[in-house]
Amino acid sequence: MIDGKKVLFSGMQSTGNLTLGNYLGALKNWVALAEEYECFYSVVDMHSITVRQVPAELRKRARSLLTLYIAAGIDPEKACLYYQSHVSAHAELAWILNCYTYMGELNRMTQFKDKSAKHADNINAGLFTYPVLMAADILLYQADVVPVGADQSQHLELARDIAMRFNNIYGDVFTVPEIYLGKVGAKIQSLQDPEKKMSKSDENPNASIYLMDDEDTVMRKFKRAVTDSEGVILYRDEQPGLKNLINIYCACTNRTPDETVKEFEGSGYGVFKEAVGCAVNDVLRPLHERYSELEKDKAYIDKVIRDNADKAAYFAGKTLRKVQKKVGFPERPR
Ligand code: TRP
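Here the residue index of a chain counts from 1 through its sequence in written order. Local features in this predicted model are restricted to residues of pLDDT 70 or higher, and side-chain atom pairs are both shown and tallied only at a pLDDT of 80 or more, whereas totals for entire chains, interfaces and linings draw on every residue. Note that water and hydrogens are dropped before the side-chain values are worked out from all heavy atoms of the structure.

A. Structural view of the overall build of the protein chain. A run of H or I in DSSP counts as a helix once it spans at least four residues, and a run of E counts as a strand once it spans at least two, with each numbered from the N terminus. When you go through the protein chain residue by residue, the secondary structure sums to 13 helices and five strands. Put simply, the radius of gyration uses C-alpha atoms, and a globule should come to 2.2 Å times the residue count raised to 0.38. Over its C-alpha trace the protein chain gives a radius of gyration of 21 Å, about what one expects of a compact globule, namely 20 Å for 334 residues. Principal-axis analysis of the C-alpha atoms gives the protein chain an extent of 75 × 45 × 40 Å. Counting all 334 residues of the protein chain, 49% fall into the buried class. Expressed as a percentage of contacts within the protein chain between residues at least 6 apart in sequence, the contacts between residues at least 24 apart total 75%. Using the Shrake-Rupley algorithm and a 1.4 Å probe, accessible areas are obtained, with residue cover drawn only from the displayed protein chains. Summed over all atoms, the accessible surface of the protein chain reaches about 16700 Å², with 51% contributed by carbon and sulfur. Note on charges: Lys and Arg go in the positive column, Asp and Glu in the negative column, and His and the chain ends are not counted at all. Every charge is mapped onto a representative atom, which is NZ of Lys, CZ of Arg, CG of Asp or CD of Glu. If the 43 positive side-chain charges of the protein chain are averaged to one point and the 45 negative ones to another, these points end up 5 Å apart. When accessible area is computed with a 1.4 Å probe and restricted to protein chains, residues below 20% of their type maximum are described as buried, those above 50% as exposed, and intermediate ones as partly exposed. In this analysis, two residues are considered to be in contact whenever any of their non-hydrogen atoms come within 4.5 Å of each other.

Written out as structure tokens, the structure reads:
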């Protein structure tokens, strides 16, 4: 608890360009959650280097992601928006927690298996202990809740196990975090293969709408979106491409699938696709406007980065010192 509010932690990597899926599935909810919880939203750049990065790109994208958090409507005076690498307590706690995590546990992580298959030439120790750093992120702020996608729930389970193990040995040190199961965001699939999730790392740029896509690009991508040859607008599993388009339309216009099916009864796919494109552009337009204003205000963004890193370091430091004492590190003489 901070000032009578429950604490919420979440993080996003700045690798790749954020997609409409990231926005409708996560970021949009973060804005709403920041009203209710004391939120820490981190740009987890330390996680990003588990895969080789181009340094200048990583730096640029991290700033762009943080700016986007604000452009999306998160108030940096309320929620703490900061770079993970600016708060050294993350690395320090991660080291300690490494010593309370078993190789066997990490070996079971499906994301590690997937990523090591994908990056067979660089299966580094950081990739293996990635979930421990993630546990440190969460536990440092004594987070009560953590909203994550299904692909991260195994990591969250591990964070809970580590917290309980530590508490069993040393007493109540960590809040055991709950996975956030409130109003879940829209699940957005690829426009080219509706069986796959829309992903920022998709090689096919037509598969994803990037948040920074201009209006023509958005329209063009929807025009090319994969549908089927049924020719009727219905919301059902047999028409996964169309179903995904309806989900996108609903998420952008706050309509229900039923209303949408009625609205477009008798229309062709071309007409519907155009309507989806317009609805998405209506959502992206204010985001773009706000983003380009913010981007120009370098001093403001710098101040947000500085102030929020200090705020995060304050809370993280409190937990870290407690942990250091528990495990037997000597106190620093004053
Ligand atoms: N691993 C998460 C992802 O790739 C990002 C992340 C890092 C995170 N630390 C976190 C999410 C802590 C929630 C809480 O999506």
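Don't stop here, the text continues.
B. Representation of the nonpolar core. Among the buried residues, those of types Ala, Val, Leu, Ile, Met, Phe, Trp, Tyr and Cys that are joined through side-chain atoms within 4.5 Å form a nonpolar core. Counting 62 residues, the largest nonpolar core has Tyr41, Tyr69 and Val280 as the members making the most contacts within it. In terms of residue count, the dominant contributor to this core is helix α12 (residues 269-296) (eleven residues). No fewer than three residues from each of domain 1 (7-181 + 298-327) and domain 2 (205-292) sit in this core. Judged by nonpolar contacts, the second largest core, of 43 residues, contains Phe9, Val87, Ile96 and Val146. What counts as a domain boundary in this text is fixed by an automatic or database domain assignment.

C. Geometry of a positive patch on the surface. A surface patch of positive charge is lined by Lys318, Arg321, Lys322, Lys325, Lys326, Arg332 and Arg334. Residue position: Lys322 is located in helix α13 (residues 298-327). For patch building, the residue pool is restricted to those with more than 30% relative accessible area and no salt bridge; the joining distance is 9 Å between like charges and 5 Å between nonpolar side chains (Val, Leu, Ile, Met, Phe, Trp, Tyr). Counted as salt bridges are all cases of a side-chain nitrogen of Lys or Arg within 4 Å of a carboxyl oxygen of Asp or Glu.

D. Fine view of empty space enclosed by the protein. A 1.4 Å probe that fits into a set of points on a 1 Å grid over the protein atoms alone but cannot get out defines a cavity; an open set with protein on both sides within 12 Å along at least five of seven lines defines a pocket, and lining residues are those with an atom within 4 Å of a point. Grid points are joined across faces, edges and corners, and a volume is the space filled by probe spheres set on the points. Counted by the stated rule, this structure contains one cavity of 30 Å³ or more. By volume, the largest cavity is sized at about 40 Å³. Along the walls of the largest cavity sit Gln111, Phe112, Lys115, Leu127, Tyr130, Pro131 and His155, which together make up its complete lining. Broken down by secondary-structure element, the contributors of at least two residues to the lining of the largest cavity are α6 (110-118) and α7 (125-140). Looking at the lining of the largest cavity residue by residue, the class counts come to four nonpolar, two polar and one charged. For this classification, the nonpolar set comprises Ala, Val, Leu, Ile, Met, Phe, Trp, Tyr, Cys and Pro, the charged set comprises Asp, Glu, Lys and Arg, and every other residue, Gly included, is treated as polar.

E. A look at the domain arrangement of the protein chain. Domain boundaries assigned for the protein chain yield domain 1 (7-181 + 298-327) and domain 2 (205-292). Distance from the C-alpha centre of domain 1 to the C-alpha centre of domain 2: 32 Å. Between domain 1 and domain 2, the residue contacts involve 13 residues of the former and 15 residues of the latter. A buried area of about 1200 Å², summed over both sides, lies between domain 1 and domain 2, and 76% of it is on carbon and sulfur atoms. Looking at the side of domain 1 facing domain 2, the largest losses of area belong to Leu20, Leu68 and Ala71, adding up to 41% of the total buried there. Viewed at the interface, domain 2 and domain 1 are joined by zero salt bridges. Taken together, the elements giving at least two residues each to the side of domain 1 that touches domain 2 come down to α1 (20-36) and α3 (55-71). Tallying contributions element by element places α3 first for the side of domain 1 that touches domain 2, with five residues. Defined in terms of a 1.4 Å probe, buried area is the accessible area two parts forfeit on being brought together, summed over both.

F. Local environment of the side chain of Thr50. Within the secondary structure, Thr50 sits in the loop between α2 (45-48) and α3. Thr50 sits in the buried class, given a relative accessible area of 7%. Here the side chain of Thr50 touches His47 through a polar contact of 2.7 Å, landing on its backbone oxygen. If we skip the residues at most four places from it in the chain, Thr50 touches Asn122, Asn124, Gly126, Leu127 and Tyr130. Pairing of N or O atoms within 3.5 Å defines a polar contact, subject to two protein rules: one partner must be a possible hydrogen donor and the other a possible acceptor, and residues neighboring in sequence count only if both atoms are side-chain atoms.

G. Geometry of the pattern of salt bridges. For the coordinates displayed, the defined rule picks out 18 salt bridges. Glu215 is the partner of Arg285 in a salt bridge, and the nearest nitrogen-oxygen pair spans 2.7 Å. Linking Arg285 in helix α12 with Glu215 in helix α9 (residues 215-223), this pair joins segments that are 70 residues apart in sequence. The partly exposed category is assigned to Glu215, whose relative accessible area is 35%. The partner of Lys243 in a salt bridge is Asp237, and the shortest N-O contact between them spans 2.6 Å. For Lys243, a relative accessible area of 22% gives the class partly exposed.

H. Broad picture of the site of the ligand. Not every one of the 13 residues close to the ligand is listed here, only the nearest: Phe9, Tyr130, Met134, Asp137 and Gln152. With respect to the ligand, the side chain of Tyr130 contributes an N or O atom lying 2.7 Å from a nitrogen atom. Side-chain polar atom of Asp137 to a nitrogen atom of the ligand: 2.7 Å apart, as the coordinates give it. In isolation the ligand offers 370 Å² of accessible surface; the protein chains occlude 89% of this area. Residue assignment for the shell around the ligand shows that the elements contributing at least two residues are β1 (7-12) and α7. We call a residue near a molecule or strand when any one of its heavy atoms sits within 4 Å of it.

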